[in-house]
Amino acid sequence: MSVPLIIAAHGTRVGEGVAQCEELAGLVAERLPGVPVTVGYVELAQPTITDALVASLADGGRRAVVVPLMLGTGGHVRSDIPQFIAEATARVPGSRVEYARHLGPEPRLIEAVEARLTEAAGEWEPSETTVVFVGRGALVPEANADHLRVARLLFERGGWADVESAFIQVTRPSLPEALDRAYAHGARRIVVMGHWLFAGRLKGWTREQAAEWQGAHPDAEVRVADVIGACAALADVVAERYRETLPVSEGGSPAYLAGLMLGGRDVLVVGGGKVASRRASRLVESGARVRVVAPSVTRAVEALADAGRLTWLAREFDDADLDGTWYVMAATDSPEVNARVAEGAELRHTFCVRADDARGGSAWTPATAEVRGVTVGVVGNREPRRTRDVRDAIVAALSEPDPTP
Ligand SMILES: C[C@@]1(CC(=O)O)C2=NC(=C\c3[nH]c(c(CCC(=O)O)c3CC(=O)O)Cc3[nH]c(c(CC(=O)O)c3CCC(=O)O)/C=C3\N/C(=C\2)[C@@H](CCC(=O)O)[C@]3(C)CC(=O)O)/[C@H]1CCC(=O)O
Ligand SMILES: NC(=O)c1ccc[n+]([C@@H]2O[C@H](COP(=O)([O-])OP(=O)(O)OC[C@H]3O[C@@H](n4cnc5c(N)ncnc54)[C@H](O)[C@@H]3O)[C@@H](O)[C@H]2O)c1
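Residues numbered from 1 in each chain as written. Chains lettered and ligands numbered in written order. Predicted model: local features only at pLDDT ≥ 70, side-chain atom pairs only at ≥ 80, totals over all residues. Heavy atoms only, no water.

The name given to the chain in an unreviewed UniProt entry is precorrin-2 dehydrogenase, and the organism recorded there is Tessaracoccus lapidicaptus. The Catalytic activity (unreviewed entry) field of the UniProt record for the chain holds the comment "precorrin-2 + NAD(+) = sirohydrochlorin + NADH + 2 H(+)". In UniProt, the chain has this text filed under Pathway (unreviewed entry): "Porphyrin-containing compound metabolism; siroheme biosynthesis; sirohydrochlorin from precorrin-2: step 1/1." (UniProt positions renumbered as here; feature names shortened; annotations may be inferred.)

And the structure:
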């Protein structure tokens, strides 16, 4: 059975908010076939996260993933939910819970916010419209700072006359203060949006405060945008947070990454097509003594052979080719041949990548890059495009003018 998912939501006294949360759980379940999905609440609704988690651990093989349904890193993400997880694992001996990342900041959710703003603005031109973007307000300063960051991104991307940030509780500016500020700067068309997920008392307060302020400022117009709600973008992000926590191979164990020092060592590449060619080039760069066995090869492999940088044996694979090799690439277009290569390598205790069926081999090829004097390698869960994108994101982050490490 797949590892169960518990969506750790805030909870609200407002029935509509709870219904939206359950609707979201349905959308998430559609994206994760075979995964039991339940919602647990921090407060104000049932079941509690601890109870939902205990129930899932008991019938889920003692494993579960908790995704905090929270946009920012307030106290719930940092301490409450970890505490609930600790309580649940203490109640189910031998259990293991993965705690996923919270939701934001996340481009798909910012797009959802933009969609709600545009919907509320209606015929108003963004350049004549000021947005007042309301956060929940938290005791954790970083969470409040993150809210200002999203407000700034909305301003940069949306072409709005201005974006003011506000908080509905705990900290300042309050919504009326931010509305006053916008008004003082000349704003007369104002869209107010609460940056939270579902209906609840915060949404009610936002509407009430906006209406009251509107009453006192008849020469301005205020429209209130809807919250993000149970939409596809939110369900996609939750499903992704779940998947991110799972071990790399379905066997249950993550790959053990090693930096192979192949200089002067014999490496065999079986097949000479697109995949073999891409990998043979990198193997040559690593200094390995590469032999390519294939009746026909790409121009790139031919060129490397002509330049004496690898040896091309223009024939079909033979089991004896494996003798003395440290590492093997089975990359022909024949599953039978690739299977024979993998079996022969296994007998010799030689690590072998099988390009057509990764689980039939004993090693996987990471997406790699050299940047700032280090080699970055990423191995994913048989999702090569995502693996490549993650690699590219790491390279981009390290290429920033002032990278952290
Ligand atoms: C990262 C990268 C490194 C590299 O190869 O250098 C890499 N695959 C890349 C590209 C790529 N792979 C595939 C396509 C065509 C389809 C598409 O476009 O989606 C393309 C695109 C293209 O070829 O352009 C299909 C595919 N891949 C695998 C299977 C079989 C299977 O999953 O069982 C099939 C189906 C074959 C079939 O249909 O028969 C398996 C594997 N591929 C892996 C690595 C290993 C770890 C994967 C991971 O981390 O998720 C793993 C598990 C084992 C291994 O082969 O080492 C490189 C991008 C690097 C870059 O861009 O720089
Ligand atoms: N893992 C990956 O990243 C990835 C990406 C794309 C495709 N694939 C898989 O890898 C396989 C190879 O893809 P490709 O695009 O390189 O194929 P391709 O058709 O371009 O090349 C196949 C190669 O295998 C060689 N070959 C065939 N029979 C052989 C034999 N008996 N002995 C030695 N060599 C033999 C051919 O001469 C040719 O060089 C595909 O069938 C696909 O299943 C894997």
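Caption draft 1: Geometry of the packing of aromatic side chains. Under the counting rule described, the total for this entry stands at one aromatic pair. Relative to Trp213, the ring of Tyr183 has its centre 5.8 Å away and its plane inclined at 75°; by these criteria the two rings are edge-to-face. Taken as a pair, Tyr183 in helix α6 (residues 175–184) and Trp213 in helix α7 (residues 201–216) lie far apart in primary sequence, 30 residues in all. Sitting over the face of the ring of Tyr183, Arg188 holds its NZ or CZ atom 3.7 Å from the ring centroid. Sitting above the plane of the Trp326 ring, Arg265 keeps its charged end 4.3 Å from the centroid. (Phe/Tyr/Trp six-rings, centres within 6.5 Å; stacked < 30°, edge-to-face > 60°. Helix = DSSP H or I, 4+ residues; strand = E, 2+ residues; numbered from the N terminus. Lys NZ or Arg CZ within 6 Å of the ring centre and 35° of its normal.)

Caption draft 2: Structural detail: the sheet that holds strand β4 (residues 96–99). Reading across from one edge, β2-β1-β3-β4 is the order of the four strands in this open sheet, with parallel pairing throughout. Sheet topology places β2 (37–41) and β4 at the edges, where each strand pairs with a single neighbour. Looking at each pair of strands side by side, their axes are set apart by 25° on average, direction ignored. Contacts from helix α1 (residues 15–31) reach β1 (5–9) and β2 within the one sheet, and its direction differs from that of β2 by about 150°. Against the sheet, helix α8 (residues 232–245) engages β1, β3 (63–68) and β4, with an angle of about 140° to β3. (Pairing = 2+ DSSP bridges. Axes fitted to C-alpha atoms, helices over the stretch in contact; angles between N-to-C directions. Contact = heavy atoms within 4.5 Å.)

Caption draft 3: Local environment of empty space enclosed by the protein. Per the counting criterion, the structure on display carries one cavity of 30 Å³ or more. Within this model, the largest cavity holds a volume of roughly 50 Å³. The wall of the largest cavity is formed by Gly194, Trp196, Lys203, Thr206, Val224, Ala225 and Val227. Here the residues of the lining of the largest cavity sort into four nonpolar, two polar and one charged. (1 Å grid on protein atoms, 1.4 Å probe; cavity = no way out; pocket = protein on both sides within 12 Å on 5 of 7 lines; lining within 4 Å. Points joined across faces, edges and corners; volume = space filled by probe spheres on them. Nonpolar A, V, L, I, M, F, W, Y, C, P; charged D, E, K, R; others polar.)

Caption draft 4: Seen up close, the environment of Arg282. Following the sequence through the fold, Arg282 ends up in helix α9 (residues 274–285). Linking Arg282 and Thr368, residues 86 residues apart in sequence, is a C-alpha distance of 9.7 Å. Not counting the four nearest positions on each side in its chain, Arg282 is found in contact with Thr368 and Glu370. At a separation of 3.0 Å, a polar atom in the side chain of Arg282 contacts the side chain of Thr368. (Polar contact = N/O pair within 3.5 Å; in protein donor to acceptor, adjacent residues only side chain to side chain.)

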